Structure formats: structure tokens, C-alpha cells
Amino acid sequence: MEIIKVKYYTDTIDELCYVDGKSDWIDLHTAEEVTMKAGEYRLIPLGLAIALPEGYEAHIVPRSSTFKNYGILQTNSMGVVDYTYRGDGDQWYMPAYATRDVTIEQNARICQFRIMQNQPRLVFERVEHLDGPDRGGFGSTGK
């Protein structure tokens, strides 16, 4: 089991933990009460910094209930923190856009993360034709 060092900037948020039986994603909390007006952008402090192991990165996304509960959108869709952000001043934030006036209480669970190993180095080869089936366009939805 890998040991990950975490620096907390406040004692008023819950410490990181798994929610047993639900997911391998880990919830992140607001480090302070945040009030936003509709149309406002702001970096919401998450109250911690993490020393990820070399070769790993954290993927940060909103919780499924974040928009319903608070009307905020994570402006970068998915945040990626690589292992080089591991110092005392490297607090994590959620960049948020408010779609309505909202106050988010301190220690609210607004986003979640997981730690992933970096993608291996790939070599791309230009070809004239691909061997796979032609499914008709973009993803599984087609054109």
C-alpha cells in the first residue's frame, strides 16, 4: 500500500478517506464558506496539498450532486494535478462558475479525485487506413 503525504491548511475540514463500499474516488471539501453570485468565477480552496508519487497524477472532477446542490460548474471540466505540485504552497483549488447565487458551507463536499499512473510514452504512426470497424462517426452516438 502506497503512503501519500497530505498537508492540511485548516483543521475545519474532514480528512481524506474512502467512502466504504461506494467508490474508489475520494471527496474533497471546501476549506472555507464560499458565497458566489450568478455569473461569478472563483477558485474555491480545498484546504490541502498532496505529495503525489513521481509518475502519478490526480484527476479532480465535480461530485454528481455538486451542480444540483450548489449550481456551480467546474470550469476546467476535469482538473489534473501532476506530481510536481507537491510543496507547502501547492494548495488544491476547484475553479468554479456559479449559475445562480449560492453560499457553500465550509467543509461541503464539492468535488472528488483519484490518483492515476501517468500514461505510458506512446509512438504515433500515420497510416492511410485503419483496420477496425467503421461505426459511423463520433463516439458511440454516431454523427
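Please refer to the structure higher up on the page.
Only a predicted model underlies this, so the values are computations on that prediction, with no experimental measurement involved. (Residues numbered from 1 in each chain as written. Predicted model: local features only at pLDDT ≥ 70, side-chain atom pairs only at ≥ 80, totals over all residues. Heavy atoms only, no water.)

**Notes on the sheet that holds strand S4 (residues 41-45)**
Move 1: On the basis of which strands lie adjacent, the open sheet formed by 3 strands has the order S4-S9-S7 and antiparallel pairing. Single-partner strands in this sheet number two, and they are S4 and strand S7 (72-74). Adjacent strand axes in the sheet meet at a mean angle of 40 degrees, parallel and antiparallel pairs treated alike.
Move 2: When S4 meets strand S9 (residues 93-98), the two strands line up antiparallel, connected through 5 bridges. (Pairing = 2+ DSSP bridges. Helix = DSSP H or I, 4+ residues; strand = E, 2+ residues; numbered from the N terminus. Axes fitted to C-alpha atoms, helices over the stretch in contact; angles between N-to-C directions.)

**A look at the pairing of strand S8 (residues 79-82)**
Move 1: Going residue by residue along S8, you find Gly79 and Val81 tucked away on one face and Val80 and Asp82 left uncovered on the opposite face.
Move 2: Bridge count for strand S6 (residues 56-62) against S8 is 4 bridges, and the pairing is antiparallel. The residue of S8 that forms the bridge with Ala58 is Val81. (Buried < 20%, exposed > 50% of the residue type's maximum accessible area, 1.4 Å probe, protein only.)

**Digging into the environment of Lys37**
Move 1: By the element assignment, Lys37 lies in the loop between strand S3 (34-36) and S4.
Move 2: In contact with Lys37, not counting residues within four places along its chain, are Ala98, Arg100 and Asp101. (Contact = heavy atoms within 4.5 Å.)

**Topic: the pairing of strand S11 (residues 109-117)**
Move 1: Two elements, strand S2 (residues 26-29) and S11, share 4 bridges in a ladder whose sense is antiparallel. Directly across from His29, in S11, lies its bridge partner Arg109.
Move 2: As judged from the 7 bridges shared by S6 and S11, these two strands associate in the antiparallel manner. When the bridges of S11 are listed, Val61 appears paired with Gln112.

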